[in-house]
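Observations on the model geometry
Each chain, written out:
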Amino acid sequence: MTVYGNFPGSRPRRLRTTPAMRRMVAETRLDAANLILPAFVREGIDAPVAISTMPGVQQHTLDTLRKAAVDAVSAGVSGIMLFGVPADEKKDGRGTAGTDPDGILQVALRAVREEVGDDLIVMSDLCLDEFTDHGHCGVLTEDGRVDNDATLERYAEMAQVQADAGAHVVGPSGMMDGQVGVIRDALDQTGHEDVSILAYTVKYASAFYGPFREAVGSSLRGDRKTYQQDPANTREALRELALDLEEGADMVMVKPAGPYLDILAKVAESTDVPVAAYQISGEYAMIEAAAEKGWIDRDAAILESLTGIRRAGAQMILTYWATEVAQRLARG
């Protein structure tokens, strides 16, 4: 072989030679503390119900939810985000089960706080979609549009009952204009100044939410394009970010995660509050389905997808693999 001078003068491969070397120089590290477990709890069941579109994920009973919370603590996961699935007959146009102190989500919040106390950050999805008979995230007008300001009144009520039930953090996900400010006021006026707001700041009208509809027993008719963000837009995301920060968001989120890593990076560069990203049901389902067919290495793909989200700027990642991945990281 002919060698030309000192070519190549730079050899980046020297820093890839062994697993120990690659681990030492890694620029991005995934840790159990970065992870938050989304969990579904369903009213009126006495055994967990498997979610067919999300293999390995289930609708919990209160007892199995308690166990999932304990397992998350043991694995070192930082938080759990709860979604309530009410009985169908309790759904109505205003989502009143969502503000009932004895509604399934509030009961679950109390149960989890009783089980784990402050060892796990207990978060609650603050939205009406699980509780409405039309499946939208707010109150509808007579002609079927989502009424932004009437919905804000309902969100204020939800914030109070969720905080009363023990939520450390509320996560308004409905993408109503002004939601963070109204929720902050409602919390502060009811003695819940210490309850944090994780704002779903950038929530796109995504095709990847499909499996989630089964997970929450959605009654959605139509779509949510009049309030969730257009996937084509970037500047709009930064405008939403500025508004949420002005209204008092303690943390902000980008959802979905994987298809919007560019947006996540821009948000992370533009704020000094903690940034979260939600690896949603469709992202989960695609990896599980491809792995089941033997097309990809499941465990490697999971870690790669989460590392990419972390690298893009997320300090917190909501993922259905949270406990599993945290346990794997602990094993090294």
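Thresholds applied
Residues numbered from 1 in each chain as written. Predicted model: local features only at pLDDT ≥ 70, side-chain atom pairs only at ≥ 80, totals over all residues. Heavy atoms only, no water. Helix = DSSP H or I, 4+ residues; strand = E, 2+ residues; numbered from the N terminus. Buried < 20%, exposed > 50% of the residue type's maximum accessible area, 1.4 Å probe, protein only. Contact = heavy atoms within 4.5 Å. Areas by Shrake-Rupley, 256 points an atom, 1.4 Å probe, with all protein chains shown as cover. Lys, Arg positive; Asp, Glu negative; His and termini not counted. Charge placed at Lys NZ, Arg CZ, Asp CG, Glu CD. 1 Å grid on protein atoms, 1.4 Å probe; cavity = no way out; pocket = protein on both sides within 12 Å on 5 of 7 lines; lining within 4 Å. Points joined across faces, edges and corners; volume = space filled by probe spheres on them. Nonpolar A, V, L, I, M, F, W, Y, C, P; charged D, E, K, R; others polar. Core = buried A, V, L, I, M, F, W, Y, C linked by side-chain atoms within 4.5 Å.

The next point concerns the overall build of the protein chain. Helix and strand content of the protein chain: 11 helices and 10 strands. The principal-axis extents of the C-alpha atoms in the protein chain amount to approximately 80 × 45 × 40 Å. Going through the 332 residues of the protein chain one by one, you find that 51% of them count as buried. The long-range fraction of contacts in the protein chain, counting pairs at least 24 apart against all pairs at least 6 apart in sequence, stands at 74%. Summing over all exposed atoms, the protein chain offers an accessible surface of approximately 15400 Å²; the carbon and sulfur share of this is 49%. Across the protein chain, 33 positive and 50 negative side-chain charges occur, with their mean positions spaced 11 Å apart.

Any empty space left between the atoms is revealed when a probe the size of a water molecule rolls over them. For the largest pocket, the calculated volume is near 740 Å³. Lining the largest pocket are 18 residues, and of these Arg22, Arg23, Ala26, Thr28 and Arg29 lie nearest its centre. Listed by contribution, the elements that provide at least two residues to the lining of the largest pocket are helix H1 (19–25) and helix H10 (298–312). Per-class residue counts for the lining of the largest pocket are 8 nonpolar, 3 polar and 7 charged.

If you look at the biggest cluster of nonpolar residues, it comprises 97 residues, and the most contacted ones within it are Phe40, Ile80, Leu82, Tyr155 and Tyr278. Those residues in contact with Tyr155 that sit more than four places away from it in its chain are Leu126, Cys127, Leu128, Cys137, Gly174, Met176, Gln179 and Ile183.

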